[in-house]
Amino acid sequence: MRAVIFDIDGTLLDSVDLHAKAWVEAFRHFGVETAEPEVRRQIGKGGDQLMPVFLPQERIEREGEEIETYRSDLFKRDYLDKVRPFPGVRPLFERMRQAGLTIALASSGKKDEVKHYQDLLGIADLVDVATSSDDADRSKPHPDIFQAAIEKLPGIASDEMIVVGDTPYDAEAAGKAGLRTIGVLCGGFPESDLKAAGCIAVLRDPKHLLESFDDTFLSRK
């Protein structure tokens, strides 16, 4: 293994509930009532894939961009400062760098959010490559974001990379890009869903991955 590609929300950051709340509030602003648990199950997708679950296509064509902009501004204003890192992220990244691994981030979030999250996590100096929704036409579970990450890692074959993510959408998108996925439970999806989507292993969170590092195929020992 030569490179590890991380999802961010729900994988490195405790942000899934906050994103769900922002979507529910945004939908309500436009007169659409949604249940937070139902919205939460869709977090991990970008707005282009999430909105069709709750809105008819004609309304998305008419108001989708406005709804997504409202939701994005709302999240930055009311929720972004509540996002917290999961324990162990920087030590995990330091351990991976010691093992000679290249580290990439692949998120459905906006480019400025991804930059903010790197600063919040204290990992900007350890990340080699970062992609965001700006690098993809379609969000997860489409493979675009991971394909963009692969393109930014020239000289590394797809079978020498692995994805770490918290949702079935990460595993589905990675699989379509020819990548394997390690799932983490900290985003709230059950182990059965992650394995059904193709995860080859499931751990609790980044700290658990760090603690298990020498027992995984990420280690070259």
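Thresholds applied
Residues numbered from 1 in each chain as written. Predicted model: local features only at pLDDT ≥ 70, side-chain atom pairs only at ≥ 80, totals over all residues. Heavy atoms only, no water. 1 Å grid on protein atoms, 1.4 Å probe; cavity = no way out; pocket = protein on both sides within 12 Å on 5 of 7 lines; lining within 4 Å. Points joined across faces, edges and corners; volume = space filled by probe spheres on them. Helix = DSSP H or I, 4+ residues; strand = E, 2+ residues; numbered from the N terminus. Nonpolar A, V, L, I, M, F, W, Y, C, P; charged D, E, K, R; others polar. Buried < 20%, exposed > 50% of the residue type's maximum accessible area, 1.4 Å probe, protein only. Pairing = 2+ DSSP bridges. Core = buried A, V, L, I, M, F, W, Y, C linked by side-chain atoms within 4.5 Å. Contact = heavy atoms within 4.5 Å. Axes fitted to C-alpha atoms, helices over the stretch in contact; angles between N-to-C directions. Salt bridge = Lys/Arg side-chain N within 4 Å of Asp/Glu carboxyl O.

### Overview of the layout of surface pockets
Move 1: Here the largest pocket is characterised by a volume of approximately 600 Å³.
Move 2: Residue lining of the largest pocket: 36 residues in total, with Lys45, Gly46, Gly47, Glu68 and Ser108 positioned closest to the centre.
Move 3: Sorting the residues of the lining of the largest pocket by element identifies α1 (16-29), α3 (47-54) and α4 (57-79) as the ones contributing at least two each.
Move 4: Looking at the lining of the largest pocket, the element that brings in the most residues is α4, giving six residues.
Move 5: Taken together, the residues of the lining of the largest pocket break down into nine nonpolar, twelve polar and 15 charged.

### Topic: the pairing of strand β6 (residues 161-165)
Move 1: For β6, the tally of buried residues reaches five of five residues, placing the bulk of the element in the interior.
Move 2: Where strand β1 (residues 3-6) lies against β6, four bridges are found, and the strand directions are parallel. Looking at the pairing, Ile5 lines up with Val163 of β6.
Move 3: Bridge count for β6 against strand β7 (residues 180-184) is four bridges, and the pairing is parallel. The residue of β7 that forms the bridge with Val164 is Ile182.

### Overview of the nonpolar core
Move 1: Of all hydrophobic cores here, the largest spans 34 residues; its most connected members are Phe6, Phe93 and Met96.
Move 2: Elements with a contribution of two residues or more to this core: β1, α1, α4, α5 (89-98), β4 (102-106), α6 (111-121), β6 and β7.
Move 3: Here the element with the most residues in this core is α5; it accounts for four residues.
Move 4: Once you skip the residues sitting within four places of it in the chain, Phe93 turns out to touch Phe6, Leu12, Ile103, Leu105, Ile123, Leu126 and Val127.
Move 5: Counting residues in each nonpolar core, the second largest holds 17 residues, with Ala3, Ala106, Ala136 and Ile156 among its members.

### Examining the sheet that holds β4
Move 1: What the six strands build is an open sheet, ordered β5-β4-β1-β6-β7-β8; its pairing is parallel. With one partner strand each, in any of the chains shown, β5 (129-131) and β8 (201-203) form the two edges of the open sheet. The mean inter-strand angle of the sheet, taken between neighbouring strand axes irrespective of direction, is 20°.

### Describing the pattern of salt bridges
A side chain with one charge can pair with a side chain of the opposite charge if their charged atoms come near.
Move 1: This model, assessed by the stated rule, comprises 22 salt bridges.
Move 2: Across the pair Arg40 and Asp17 runs a salt bridge whose closest N-O atoms are separated by 2.5 Å. Of this pair, Arg40 sits in helix α2 (residues 36-40) while Asp17 sits in helix α1, and the two are 23 residues apart along the sequence.
Move 3: Residue Arg59 pairs with Glu63 through a salt bridge whose shortest N-O separation is 2.6 Å. A residue pair is termed a helical-turn pair when its members lie 3 or 4 positions apart in one helix, as Arg59 and Glu63 do in helix α4 at four residues.

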